[in-house]
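Summary of structural features
Next come the chains, spelled out residue by residue.
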Amino acid sequence: MSIATVMDRTATAAPSTAHVASEGQGNRIAFDRVTVAYRNTVVLDNFSLIIEPGEFAALLGPSGSGKTTALRSVAGFVRPVSGSVSIGDEDVTTMPPYARGIGMVVQNYALFPHMTVAENVAFGLRARGAARVLIEERIRECLAMVDMSQYAKRYPRQLSGGQQQRVAIARALAIRPRVLLLDEPLSALDAQIRRNMVEELGRLHRELPNLTVLYVTHDQAEALTLADRIAIMRDGRLSAFGEARSLYHQPPNRFTAEFLGHANVIPVRTEALDGPSGGMRVRFGAANLLTTAANNIPAGANTHLCVRPHSLKLEPAPDRLNMIEGAVEELHWQGHTQSIALSVNGSTIRVVSTELRQLPKIGEKLTVYFAAEDAVLIAEDGNA
Amino acid sequence: MPNAAAAERRQRDHAGVGFWVLLPFAVLATIFLYPLSLIVHEALTAGTGAVSSDGLRKVLGSAIFVSALLNTVRIAVVATLGCLTLGFTLALIYSFVPFPGRALVAKMIDVFIALPTFLVALAFTFIYGSAGLINQSLMAAMGTQVPPVNFLYSSWGVILAEVTVYSPFVLRPLIASFSLLDPAQIEVASSLGARPVRIVRQIIFPAALPALLAGGSLCLLLTVNEFGILLFIGAKGVITLPLLVYDKAIQQFDYASACVIASVNVLLSLMLYSLYRVALSGLGGERAAVV
């Protein structure tokens, strides 16, 4: 059965319950001022976010930032102390997990070890009292979707980690969930399989365009590759939310800049608007720099300039507008790239370059250049 | 010459290993196998010095032995089923329903296992006995001289006491087994639409099978051989194999019959233990290690 056929049938097959991706329209996930606390510790603080139908949204943040708690509040495994969670038009805040119609995939797969692959995939359908014919059909469809048809009779212990995760995805999709929740689904896999699975998830999302996906990860590469929009979380709060590309190139705050792509955040003072470019002239020590993205920060303010390490070049730019000189502090060879840390005016600036024929020496003076459009002014720690 | 020295050293090492293997075997033989062999010898020879089946046939064919055997099996099976039901229910609550004082409960289970069995029988006489708390209250309330609750002196009293005493032996391995169950399995099952009863039936119960099997087998072994509870409760007409051994040996001085019955009891225990090992190796899987 081809994937296209599967997908056509996915959109039209008879639902087993009322909770089916509503006639192919997908479901919105809405957090409205959600606060979750364990005893006296607030782990999710006044969290509001709307994920549109059919959107692939990633919750990205360091450990303890509240991203998994947010996902678990959609699943129904944590009860907010205030605020509400909605799926589609339905407030599910107090609804038990089994009634929410969600598909969930977790880090360690959580396959049922005493059931075969086919029985695992059928579990949700049986729990919902689906007819035997429908169950057989869905098992075939969903295993074909994740390319696991030939393993239907095997037990989880007879599968590799990547194969187990595919089965977990098939199991979650078999019930035609209103939304799909993925909680660090690739964390337990080794690097090579993880790369393959990222591609697989990307393909699944393209093939299921109406399925709303909430993806929790601490891996920015996964989030950037897969997500339409990314929510950056910090200390139980939403730090930034936007399209992946936009967040990466124009981070709204320092935390986002540093967490997403490990940008250099340079303390600068804004000098004056630059007429021709519409940007802002800034001063960093003795260096006069120009950025085209002023982000409404007025002249005369102490703020930060965000420049990605790979945007800093060792070769002079034609206009030589933005150049910074510093002393080499550290050198790290990383195979196809070279990481150089420069000390400039008491700050450390990281440069990622392609492999150099001749390495600079520690302490040697080095000048780096960047284009005005590769630098963004950011506020200290404002929220999005 | 170095080869000869090495060979001598190897020989010395083997001798050392042999000593440490033989020592525990010798202790075991002295304190367990020798007395057991005496019992079996007495059962087979009936004190005559020659092996004869007459004594065996006489004891094994007697109505009191058949009755004791049936009583033993019936009480042991029902008590074990009771232990499994109560133990499984309590382990579910302990492991999956958060409540304050959980750590204290765990300690109490350990203490309970360490207590002598007759203590429960004694406590039961205070509660359910003819002059116990319940009967005294009911007699005062109903104005009667006859204790209305009298199950304690029947096989049901014995079963209730055994269930109370031996349930922790099921509870302990079950709690250990549940601690290995990935909570994500339960959460995922729930997210897929499974209600609590289905989760218990299809996710938790299969994971608990080896522990249930281990705890149940242990209960069966212990209840088959239970003596103290039966003696203390003194249930009328409830004779089991251990009580019959006691009766024949201590009260009637019929050591030959006592040894025949004891041998049957040992055989029954060994069969149960073998069944337990076979079942555990067949169903145990990765969780067999915890039980």
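Residues numbered from 1 in each chain as written. Chains lettered and ligands numbered in written order. Predicted model: local features only at pLDDT ≥ 70, side-chain atom pairs only at ≥ 80, totals over all residues.

1. Here we look at the interface of chain A and chain B
Opposite the 16 residues of chain A that make contact, chain B presents 15 residues. Every element with two or more residues in the side of chain A that touches chain B is listed here: strand E6 (102-106) and helix H3 (117-127) of chain A. Its residues placed into classes, the side of chain A that touches chain B shows 12 nonpolar, three polar and one charged. (Contact = placed C-beta atoms within 7 Å. Helix = DSSP H or I, 4+ residues; strand = E, 2+ residues; numbered from the N terminus. Nonpolar A, V, L, I, M, F, W, Y, C, P; charged D, E, K, R; others polar.)

2. Overview of the packing of helix H7 (residues 155-180) of chain B against helix H9 (residues 196-224) of chain B
All names here are of chain B. Two elements in contact, H7 and H9, have axes whose closest approach is 8 Å; the angle formed by their N-to-C orientations is 155°. In this view, H7 runs roughly antiparallel relative to H9, as classed from their interaxial angle. Crossing handedness for the pair H7 and H9: right-handed. Within the contact between the two elements, H7 uses Glu-162, Tyr-166, Phe-169, Val-170, Pro-173, Leu-174, Ala-176, Ser-177 and Phe-178 and H9 uses Ala-207, Ala-208, Pro-210, Ala-211, Leu-212, Ala-214, Gly-215, Gly-216, Leu-218, Cys-219, Leu-222 and Thr-223. For the contact of H7 with H9, the class distribution of residues is 16 nonpolar, four polar and one charged. (Axes fitted to C-alpha atoms, helices over the stretch in contact; angles between N-to-C directions. Parallel < 35°, antiparallel > 145°, perpendicular 65-115°, else oblique. Left-handed = near helix turned anticlockwise from the far one by under 90°.)

3. Some remarks on the sheet that holds strand E7 (residues 179-183) of chain A
Residues and elements named next belong to chain A. With mixed pairing, the six strands of this open sheet are ordered in space as E6-E7-E8-E3-E9-E10. The open sheet has two edge strands, E6 and strand E10 (237-243), and neither has a second partner. Going from strand to strand, the sheet's axes swing by 15° on average, the running direction of each strand aside. Sheet topology note: the E6/E7 ladder contains five bridges and is parallel. Considered in E7, the bridge of Met-104 is made with Leu-181. (Pairing = 2+ DSSP bridges.)

4. What to know about H7 of chain B
Here H7 of chain B contains 26 residues, and its C-alpha end-to-end distance of 37 Å stays within 8% of the 38 Å for a straight helix at 1.5 Å per residue. Burial within H7 of chain B is extensive, with 22 of its 26 residues counted as buried. (Expected span 1.5 Å × (residues − 1). Buried ≥ 20, exposed ≤ 12 C-beta atoms within 10 Å, placed from the backbone.)

5. Points about the domain arrangement of chain B
Residues and elements named next belong to chain B. Along its sequence, chain B is organised into domain 1 (1-52) and domain 2 (53-290). Centre-to-centre separation of domain 1 and domain 2, based on C-alpha positions: 36 Å. Across the boundary between the two partners, domain 1 contributes seven residues, which contact 10 residues of domain 2. For the side of domain 1 that touches domain 2, a count of residues per class yields four nonpolar, two polar and one charged. (Domains from an automatic or database assignment.)

6. Quick look at the nonpolar core
Here is a general trend for soluble globular proteins: nonpolar side chains tend to be buried in one another's company. Formed by 156 residues in total, the largest nonpolar core has its most connected members in Val-121, Ala-170, Leu-181, Leu-214 and Tyr-215 of chain A together with Leu-174 of chain B. For this core, the leading source of residues is H9 of chain B, giving 14 residues. Residues in contact with Ala-170 of chain A, not counting those within four places in the same chain, are Val-121, Cys-142, Leu-143, Met-145, Val-146 and Met-148 of chain A. Counting 13 residues, the second-largest nonpolar core is a separate cluster that includes Ala-43, Leu-241, Val-260 and Ala-262 of chain B. (Core = buried A, V, L, I, M, F, W, Y, C linked by C-beta atoms within 7 Å.)

7. Brief notes about the confidence of the model for chain B
Residue and element names in this part refer to chain B. For chain B, mean pLDDT is 85; residues scoring 70 or higher make up 95% of the total. Looking at the elements of chain B, mean pLDDT is at its lowest for helix H4 (residues 102-114), recorded as 80, and at its highest for helix H8 (residues 183-191), recorded as 95. Confidence drops under pLDDT 50 across residues 286-291; counting only partners more than four residues distant or on other chains, this segment forms 17 contacts. Among the scores for the predicted complex, ipTM is 0.81 and pTM is 0.79. (pLDDT = per-residue confidence, 0-100.)

8. Some points on the pairing of strand E4 (residues 82-87) of chain A
Remark: a regular strand shows side chains that alternate across the two faces of the sheet. Residue and element names in this part refer to chain A. Here five bridges tie strand E1 (residues 29-38) to E4, and the two strands are oriented antiparallel to one another. Looking across to E4, one finds that Phe-31 is bridged to Val-85. Here two bridges tie E4 to strand E5 (residues 90-91), and the two strands are oriented antiparallel to one another. The residue of E5 that forms the bridge with Ile-87 is Glu-90. Between E4 and E5, which pair antiparallel in sequence order, lie two residues; one of them, Gly-88, sits at a positive phi of approximately 65°.

9. Some details on the domain arrangement of chain A
Note: interface size is frequently given as the accessible area lost on complex formation between the parts. Residues and elements named next belong to chain A. Along its sequence, chain A is organised into domain 1 (3-249) and domain 2 (254-378). Facing seven residues of domain 1, the contacting portion of domain 2 comprises five residues. Secondary structure elements with two or more residues in the side of domain 1 that touches domain 2: strand E9 (229-234), E10 and helix H8 (244-249). Each residue belonging to the side of domain 1 that touches domain 2 can be placed in one class, and the counts come to four nonpolar, two polar and one charged.

10. Describing the environment of Ala-208 of chain B
Residues and elements named next belong to chain B. Among the secondary structure elements, Ala-208 is positioned in helix H9. Counting along the chain gives 40 residues from Ala-208 to Lys-248, while the straight-line C-alpha distance between them is 41 Å. If near-sequence neighbours (up to four positions away) are discounted, Ala-208 is found in contact with Phe-88, Leu-174, Ser-177 and Phe-178.

11. Describing the environment of His-249 of chain A
With respect to the helices and strands, the residue His-249 of chain A is situated in helix H8. His-249 of chain A sits in the partly exposed class, given 16 other C-beta atoms within 10 Å.

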